Structures are given as structure tokens and as C-alpha cells.
Amino acid sequence: DIQMTQSPSSVSASVGDRVSITCRASQGIGSWLAWYQQKAGKAPKLLIYSASSLQSGVPSRFSGSGSGTDFTLTISSLQPEDFATYYCQQANSFPITFGQGTRLEIK
Amino acid sequence: EVQLVESGGGLVQPGGSLRLSCAASGFTFSSYEMNWVRKAPGKGLEWLSNIGGNLRTIYYADSVKGRFTISRDNAKNSLFLQMNSLRAEDTAVYYCARSRTTGGGLDYWGQGTLVTVSS
């Protein structure tokens with residue numbers, strides 16, 4: 001199975017900050033990487049697919065990059081509604097696997 | 001508008017069974033792979049199972065293989081998860097989610113249904 005490791009596990013930031021979250025796959029997955037946002041008590045929301053493609057309706061301050069084993073989600077200017085938990089997910093092969101999550105908190 | 005609505009969650013004793021349902025609308029259900037994903041309290045997201053639109057392919061996570069069975073009824077736009085031999089560690093919110101047709105990722109999710117396994 002492909003293991004997905006996110007860092008950091010949690011991060012504190014302020015509104016307007018630029019924040020990056022990284023995700024590393026235990027083996028190469030090409031661009032088969034997605035990013036999700038989940039708020040407490042809500043379903044996950046797809047932000048990015050194919051490592052860098054923005055899902056319809058997602059604000060352009062979210063961006064993704066990387067290929068192979070190393071990937072990054074960047075939020076260019078944090079908004080109050082962005083404080084949530086973020087997960088990466090590999091879609092290269094079954095079983096699908098998620099990273100452990102990164103909690104983005106208000107500083 | 002794409003909608004996924006789960007039902008069937010509840011309280012069940014260890015060793016018991018439960019069948020979850022997911023009613024889909026707003027898209028051609030048979031054209032999409034569907035998935036079950038869960039989130040246990042204090043833990044991250046865990047993918048459980050995937051079924052192809054034509055029912056030809058089915059995949060499971062090792063944690064549920066042999067205990068859970070995914071199925072679908074394309075005529076009724078419905079997805080199911082039969083859960084047997086339930087354990088305390090299966091306590092979680094269970095989501096159904098649609099796979100994108102290209103590029104990977106799960107683009108639509110239901111609101112989730114809570115399964116609690118406890119005596």
C-alpha cells in the first residue's frame with residue numbers, strides 16, 4: 001500500500017498569511033494526488049485534483065504543485081473560512097490512501 | 001444538482017451488522033465509480049471501498065475486507081455498504097463519495113451517517 005505522510009501535523013497562522021502544507025508518498029504516484037478541506041462536523045471538500053488542477057468553485061488562492069512523491073498545497077492569503085483540517089489523498093492505485101491530516105489553526 | 005444522502009447508521013453491538021445506503025441524484029449514477037470513506041473520532045479519513053459503475057470492479061481496504069460488502073443498484077441510483085462482524089474501532093461517520101471520471105479525487109460527498117459500535 002502507498003503511505004501518505006503530511007507535514008506539519010498542525011500549523012498556526014493569521015488571516016492574510018501564506019501557508020504551505022506538504023505531502024509525501026512512499027512511492028511515485030505521478031500526478032495522482034488530491035487535496036481536501038474538512039471542517040468539524042462537515043463532509044470533506046475536494047480542492048485540488050491531479051496534483052495541481054483546481055476543482056470547480058474553489059477559490060484561486062488555493063493551489064497545488066508537485067509530482068512523483070512530493071506535493072504541496074499552498075493557500076496564498078488565508079481567509080477566516082480557511083481554518084480547517086486538510087488531507088492529501090493518492091489516487092494512483094487501490095487501496096486509496098489519505099495523509100493523516102494537517103490542522104490549520106488561527107494564531 | 002448532485003446530491004448524495006446516506007442513511008442506515010445507528011447504534012449496534014459488537015459483532016452485529018448494519019447496512020448503510022446512499023441515495024444519489026443529479027447525475028448519471030451508472031457512469032461513476034462510487035466509494036465509502038469513514039472518519040473515526042479523533043482520527044483522519046479512511047477509504048474503505050470502491051465499486052465501478054458497471055459493477056465489474058470492487059476494491060476494499062484491508063481493515064474491512066471479508067467483513068464489509070459494497071454493492072449498488074443502478075436502476076435505483078443507490079449505493080450500499082453491508083457491514084458485518086462490527087467492532088468498536090468501526091465507530092465512525094461513514095460517507096459515500098463519487099469518484100471524478102478523470103484526474104482522480106472524490107468530487108461529491110454525502111453528509112455522512114454515524115455508526116456507533118458499543119455494548
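Scroll up for the structure.
Now for a description of the structure that goes with this document.

Cut-offs applied
- Residues numbered from 1 in each chain as written.
- Chains lettered and ligands numbered in written order.
- Predicted model: local features only at pLDDT ≥ 70, side-chain atom pairs only at ≥ 80, totals over all residues.
- Heavy atoms only, no water.
- Helix = DSSP H or I, 4+ residues; strand = E, 2+ residues; numbered from the N terminus.
- Contact = heavy atoms within 4.5 Å.
- Buried area = accessible area lost by both parts, 1.4 Å probe.
- Salt bridge = Lys/Arg side-chain N within 4 Å of Asp/Glu carboxyl O.
- Polar contact = N/O pair within 3.5 Å; in protein donor to acceptor, adjacent residues only side chain to side chain.
- Nonpolar A, V, L, I, M, F, W, Y, C, P; charged D, E, K, R; others polar.
- Buried < 20%, exposed > 50% of the residue type's maximum accessible area, 1.4 Å probe, protein only.

### Some points on the environment of Val-19 of chain A
Then, number 1: Relative to the helices and strands, Val-19 of chain A is located in strand 3 (residues 19–25).
Then, number 2: The sequence separation of Val-19 of chain A and Leu-104 of chain A amounts to 85 residues, and the corresponding C-alpha distance is 9.1 Å.

### Some thoughts on the interface of chain A and chain B
Then, number 1: Of the residues lining the interface, 20 residues belong to chain A; the matching set on chain B comes to 22 residues.
Then, number 2: When residues of chain A are sorted by the area they lose upon contact with chain B, Pro-44, Phe-94 and Phe-98 of chain A head the list and together hold 31% of the total.
Then, number 3: Across the contact surface, chain A and chain B share 0 salt bridges.
Then, number 4: Where chain A meets chain B, there are 6 residue pairs in polar contact (both at pLDDT 80 or more).
Then, number 5: Sorting the residues of the side of chain A that touches chain B by element identifies strand 4 (33–38), strand 5 (45–49) and strand 9 (85–90) of chain A as the ones contributing at least two each.
Then, number 6: Among the elements that make up the side of chain A that touches chain B, the one with the highest residue count is strand 4 of chain A (3 residues).
Then, number 7: Partitioning the side of chain A that touches chain B into residue classes produces 13 nonpolar, 5 polar and 2 charged.

### With respect to the side chain of Gln-55 of chain A
Then, number 1: Relative to the helices and strands, Gln-55 of chain A resides in the loop between strand 6 (53–54) and strand 7 (62–67).
Then, number 2: Among the residues examined, Gln-55 of chain A registers a relative accessible area of 10% and is labelled buried.
Then, number 3: Once residues lying within four places of it in the same chain are set aside, the contact partners of Gln-55 of chain A are Leu-46, Leu-47 and Tyr-49 of chain A together with Arg-100 and Asp-107 of chain B.

### Let's talk about the environment of Leu-4 of chain B
Residue and element names in this part refer to chain B.
Then, number 1: Following the sequence through the fold, Leu-4 ends up in strand 1 (residues 3–7).
Then, number 2: The sequence separation of Leu-4 and Trp-109 amounts to 105 residues, and the corresponding C-alpha distance is 6.3 Å.
Then, number 3: In this structure, Leu-4 is in contact with Cys-22, Ala-23, Ala-24, Phe-27, Met-34, Cys-96, Ala-97, Arg-98, Tyr-108, Trp-109, Gly-110 and Gln-111, ignoring residues within four places of it in sequence.

### A word on unusual backbone geometry
Then, number 1: In this chain, Ser-7 of chain A is followed by Pro-8 of chain A through a cis amide linkage whose omega measures -5°.
Then, number 2: In this fold, Pro-8 of chain A is placed in the loop between strand 1 (4–7) and strand 2 (10–13).
Then, number 3: The peptide bond linking Phe-94 of chain A to Pro-95 of chain A adopts the cis configuration, its omega dihedral lying at 0°.
Then, number 4: Secondary-structure assignment places Pro-95 of chain A in the loop between strand 9 and strand 10 (97–98).
Then, number 5: For Asn-77 of chain B, which is not a glycine, the phi torsion comes out positive at approximately 50°.
Then, number 6: With respect to the element layout, Asn-77 of chain B can be found in the loop between strand 7 (68–73) and strand 8 (78–83).
Then, number 7: Judged by relative accessible area, which is 29%, Asn-77 of chain B ranks as partly exposed.
Then, number 8: In this structure, Ser-85 of chain B is a non-glycine residue whose phi angle is positive, near 50°.

### Here's the deal with the pattern of salt bridges
Then, number 1: Counted under the stated rule, the structure contains 9 salt bridges over all chains.
Then, number 2: The partner of Arg-24 of chain A in a salt bridge is Asp-70 of chain A, and the shortest N-O contact between them spans 2.5 Å. With Arg-24 of chain A in strand 3 and Asp-70 of chain A in strand 8 (residues 70–75), this pair connects stretches of sequence that are 46 residues apart.
Then, number 3: Residue class for Arg-24 of chain A comes out exposed when judged on its relative accessible area of 52%.
Then, number 4: The exposure class of Asp-70 of chain A is partly exposed, given its relative accessible area of 36%.
Then, number 5: We note a salt bridge from Arg-38 of chain B to Glu-46 of chain B, for which the minimum N-O separation is 2.7 Å.
Then, number 6: When salt bridges with common partners are traced through the structure, they connect Arg-38, Glu-46, Arg-67 and Asp-90 of chain B into a single cluster.

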